[in-house]
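Summary of structural features
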Amino acid sequence: MYVAATATVAAEVLSQWGVCRELPLAAAPRAKTTSFHRRNFLLGPVSRFSIKPSFSCFCALAGDDVFSVTSPTQSNVDYLGQSTKGDLNVKVDQLDSLVLGGRSAFEGPIEEVARAEAGEAEDLLRQLNIPGPFSSRHSPRGIFCSRTLNLRSISAIGYDMDYTLMHYNVMAWEGRAYDYCMDNLRNMGYPVDGLAFDPDLVIRGLVIDKEKGNLVKADRFGYIKRAMHGTTMLTTRAVSEMYGRELVDLRNENRWIFLNTLFSVSEAVAFMQNYTMKNSRFYDIMVDRFDEGAIPAEIAPLDYKGLYKAVGKALFRAHVEGQLKNEIMSKPELFVEPDPELPLALLDQKEAGKKLLLITNSDYHYTDKMMQHSFNKFLPNDMGWRDLFDMVIVSARKPEFFQMSHPLYEVVTDEGLMRPCFKARTGGLYSGGSAQMVENSLNIHGDEILYVGDHIYTDVSQSKVHQRWRTALIVRELEEEYNALIHSGSHRATLIELINQKEIVGDLFNQLRLALQRRTEGHPAQTLAATNMDDLELTESMQKLLIVMQRLDEKIAPMLEIDGEHFNKRMEIVHGKSYNEKKLIFVEAPYISIDVSKWGFLSRAGLWDKSHLMRQIEKYADIYTSRVSNFLHYTPFTYFHSQEQTLAHDSHSWCQQINGSVVKDKS
């Protein structure tokens, strides 16, 4: 209460002095959220699946004499620069026969017609129990748009498989990958006995610093905001001392490793994660073991890069030798989380005339086994997963698939026997090849293809940079982050209010400081009122304001530290290791209980800024969402609009008091 009162008084004093400043924006009220409901179709699921789909465009099934579809040769671009290919048109010769009030669309000013139609559309959506576009957007399972995308103009949709069409149980899949990795490290001579997989230690979007053995989180510009050495979270001062002049540069792969996907979890945990000591009560870490010299010199080069290389080699062997995938194929139900809505979402797209492609780095046997498990039991009648896709490419070798050409082989038997092939055809099953080959085979190019994947580099970045395909990123953690942001609403609102109050108090303090400086130098103050303040009043006001700001700092700092705890927080008793900020080294400390892995929100770096991951998403992903089945809650004809991007110099609505009356500035 005292701080708020001081901020109010400070604002009044500034107003009396005639010192103009824009009032800080109050904490904006959170948008009313609407819980997401599964779309209710006019035909229920049983009826929908009672007939084997013909997979032809809707317009070929009904309405041929009323509607026409804009062909590629007739298409243009609309006022947002999107292709009109695939748009539905009313045939000119049918305009005179419009019924059901259809001719009213031509009568009166379009503003009034649109307002009336929009109101009726909202009513009808409610009657049909179908969520409107805005309720879908404000949902943890919404599809979010970075760059405007017209799905009607998309001719083909390609899908990655792992963590895209099927979502693995991270604890199960990555846990087993981690176990195999540890076995390989043990065989190489590393002291890894007692290590336990802990997926909560890391989140997607972090960066491994191979030079210093740290895990860091950077903002959109590359400045490092948080860092962890082993399980020791570094203080803000330590981070500044260590990285103050450095930026994360992902092009420097010799130093920085970006955790692009959930597949990165086991690798990062193996590098940074806890080492369980013999008494099973306290923890150490591989990096700490290296710091202590517990890893023999003859095993690997004596630096963090050597340790990372060894972990990467051990994990690579776990994947290549096949034991991990054989175990998963033998019991897929233990590793894959089923999604019954997914096949229906793809059926909608196929029936709308989209060509569906599966492009995966996994081999044929693994792909077939996992797709059978994930799809066939949810498909109608005698359909199999292959019936959904116009082309399947396994062992694609992404990202090289998008960058260059590799030999193409056709898989001709269920056992995986292959033969060389020089041209792909619709309905085929292939190994290798290239994105250019796909375009040539389907006679569609560039922005007519949407590719959906979970890896921001292998799937999204390279398909856009080299082929100019449209892109969609799958980020499963979005659902958890969305809900965490809602739960953190009151905390963040209080935090913003305190920061705004400090800004007002600080502004007055700075004005008084300048007035004192000018008085000391024999110059008049900024205003007559400031000039007339006596010395005692001036110094006492500054003392009071300084104390208030210091108290605000003490309140704000820990609140900023725990921002995002609903998304990522983990308590552990660890073998304490503190960072000596003067010597820039880590020193032993007693066993302590601390919060570790407090990385905050996935998409944010601090209260105000975006994370480095979010910047990559905005740059390369046209749309992003938590799972492929979210397309079910939209239509294959959706026009996704990117939202307004605010800039620092944008004008905002604020209240200004003039002559005792409040005026709303709508500029």
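So, a few notes on the structure that sits alongside this text. As the structure is a prediction and not an experimental result, all values here were calculated from the model.

Some words on the overall build of the chain
The helix and strand tally for the chain stands at 21 helices and 31 strands. Looking at the chain as a whole, 49% of its 667 residues are labelled buried. Contacts in the chain between residues far apart in sequence, at least 24 positions, make up 73% of those at least 6 positions apart. As presented, the chain carries roughly 33,800 Å² of accessible surface, and 53% of it is formed by carbon and sulfur atoms.

Overview of the packing of helix α18 (residues 489–520) against helix α20 (residues 535–561)
Two numbers describe how α18 lies on α20: the axes approach to 9 Å, and their chain directions differ by 150°. The angle between α18 and α20 falls in the class roughly antiparallel. When the axes of α18 and α20 are compared, the crossing they make is left-handed. Tallied by class, the residues present in the contact of α18 with α20 amount to 18 nonpolar, 5 polar and 6 charged.

Quick look at the layout of surface pockets
Of the volumes computed, that of the second largest pocket is approximately 1,800 Å³. Looking at the second largest pocket, it is lined by 47 residues, and the ones nearest its centre are Asn260, Thr261, His455, Tyr457 and Thr458. The set of elements that each furnish at least two residues to the lining of the second largest pocket consists of β11 (256–258), α8 (264–272), α10 (304–320), α16 (456–467) and α21 (612–620). Ranked by residue count, the leading element in the lining of the second largest pocket is α16, at 7 residues. Looking at the lining of the second largest pocket residue by residue, the classes come out as 18 nonpolar, 15 polar and 14 charged.

Section: the pattern of salt bridges
Counted by the stated rule, this structure contains 31 salt bridges. In the salt-bridge network here, residues are joined through shared partners; they are Asp209, Glu211, Lys212, Glu246 and Arg255.

Overview of helix α17 (residues 478–487)
Three or more residues of α17 are buried, namely Leu478, Glu479, Glu481, Tyr482 and Ala484. Buried-residue contacts for α17 involve β3 (144–145), β26 (604–605) and β28 (623–625).

Side note on a nonpolar patch on the surface
On the surface, Phe67, Val69, Leu88 and Val90 cluster together to form a nonpolar patch covering roughly 290 Å² of accessible area. The set of elements that each furnish at least two residues to the nonpolar patch consists of β1 (67–69) and β2 (88–90). Following the sequence through the fold, Val90 ends up in strand β2. A relative accessible area of 43% means that Val90 is categorised as partly exposed.

Details of the side chain of Glu479
Position of Glu479 relative to the elements: it lies in helix α17. By relative accessible area, which is 15% here, Glu479 ends up buried. Once you skip the residues sitting within four places of it in the chain, Glu479 turns out to touch Pro140, Arg141, Ser626 and Arg627.

Concerning the side chain of Gln349
Here Gln349 lies in helix α12 (residues 341–351). The buried category is assigned to Gln349, whose relative accessible area is 3%.

Quick notes on the packing of aromatic side chains
One pass over the full model with this rule turns up 11 aromatic pairs. Seen from their ring centres, Tyr168 and Trp173 are 5.4 Å apart, and the 50° between their planes marks the pair as tilted. Residue Tyr168 is classed as buried on the basis of its relative accessible area, which comes to 0%. We classify Trp173 as buried; its relative accessible area is 2%. Between Tyr634 and Phe640, the ring centres sit 5.5 Å apart and the planes meet at 50°, which makes this aromatic pair tilted. Each residue in the set Phe401, Phe402, Tyr451 and Trp469 is aromatic and connected to the rest through ring pairs, giving one cluster. Against the face of Tyr243 rests Lys212, its NZ or CZ located 4.7 Å from the ring centre. One Lys or Arg, Lys325, reaches over the ring of Tyr366 and ends 4.7 Å from the middle of that ring.

Focus on the sheet that holds β11
Pairing within the open sheet is antiparallel, and its 5 strands lie in the order β10-β9-β8-β7-β11. Both outer strands of the open sheet, β10 (232–233) and β11, are each paired with one neighbouring strand and no more. Pairing between strand β7 (residues 207–209) and β11: 3 bridges, direction antiparallel. Following the sheet pairing, Val207 is matched in β11 by Phe258.

What to know about the pairing of strand β15 (residues 355–359)
Of all the 5 residues making up β15, 4 are buried; the element is thus mostly covered by neighbouring parts of the structure. By the bridge criterion, 4 bridges tie strand β5 (residues 156–159) to β15 in an arrangement that is parallel. Within β15, the position partnered with Gly158 by the bridge is Leu357. The pairing of β15 with strand β16 (residues 391–394) spans 3 bridges and is classified as parallel. Bridge pairing links Ile359 to Ile393 in β16.

Some remarks on the sheet that holds strand β20 (residues 449–453)
Spatially, the 10 strands line up as an open sheet ordered β3-β28-β21-β20-β5-β15-β16-β19-β17-β18, and their pairing is mixed. Taken across any chain shown, the strands that pair with only one partner, and hence form the sheet edges, are β3 and β18 (418–421). Pairing geometry for β5 and β20, over 4 bridges, is parallel. Along β20, the bridge assignment pairs Ala156 with Ile449. Against the sheet, helix α15 (residues 435–442) touches β15, β16, β17 (408–411) and β20, its axis set at about 165° to β16. Seen against the sheet, α16 touches β20 and β21 (470–474) and runs at an angle of roughly 165° to β21.

The rules behind each value
- Residues numbered from 1 in each chain as written.
- Predicted model: local features only at pLDDT ≥ 70, side-chain atom pairs only at ≥ 80, totals over all residues.
- Heavy atoms only, no water.
- Helix = DSSP H or I, 4+ residues; strand = E, 2+ residues; numbered from the N terminus.
- Buried < 20%, exposed > 50% of the residue type's maximum accessible area, 1.4 Å probe, protein only.
- Contact = heavy atoms within 4.5 Å.
- Areas by Shrake-Rupley, 256 points an atom, 1.4 Å probe, with all protein chains shown as cover.
- Axes fitted to C-alpha atoms, helices over the stretch in contact; angles between N-to-C directions.
- Parallel < 35°, antiparallel > 145°, perpendicular 65-115°, else oblique.
- Left-handed = near helix turned anticlockwise from the far one by under 90°.
- Nonpolar A, V, L, I, M, F, W, Y, C, P; charged D, E, K, R; others polar.
- 1 Å grid on protein atoms, 1.4 Å probe; cavity = no way out; pocket = protein on both sides within 12 Å on 5 of 7 lines; lining within 4 Å.
- Points joined across faces, edges and corners; volume = space filled by probe spheres on them.
- Salt bridge = Lys/Arg side-chain N within 4 Å of Asp/Glu carboxyl O.
- Patch = residues over 30% accessible without salt bridge, like charges linked within 9 Å, V, L, I, M, F, W, Y side chains within 5 Å.
- Phe/Tyr/Trp six-rings, centres within 6.5 Å; stacked < 30°, edge-to-face > 60°.
- Lys NZ or Arg CZ within 6 Å of the ring centre and 35° of its normal.
- Pairing = 2+ DSSP bridges.

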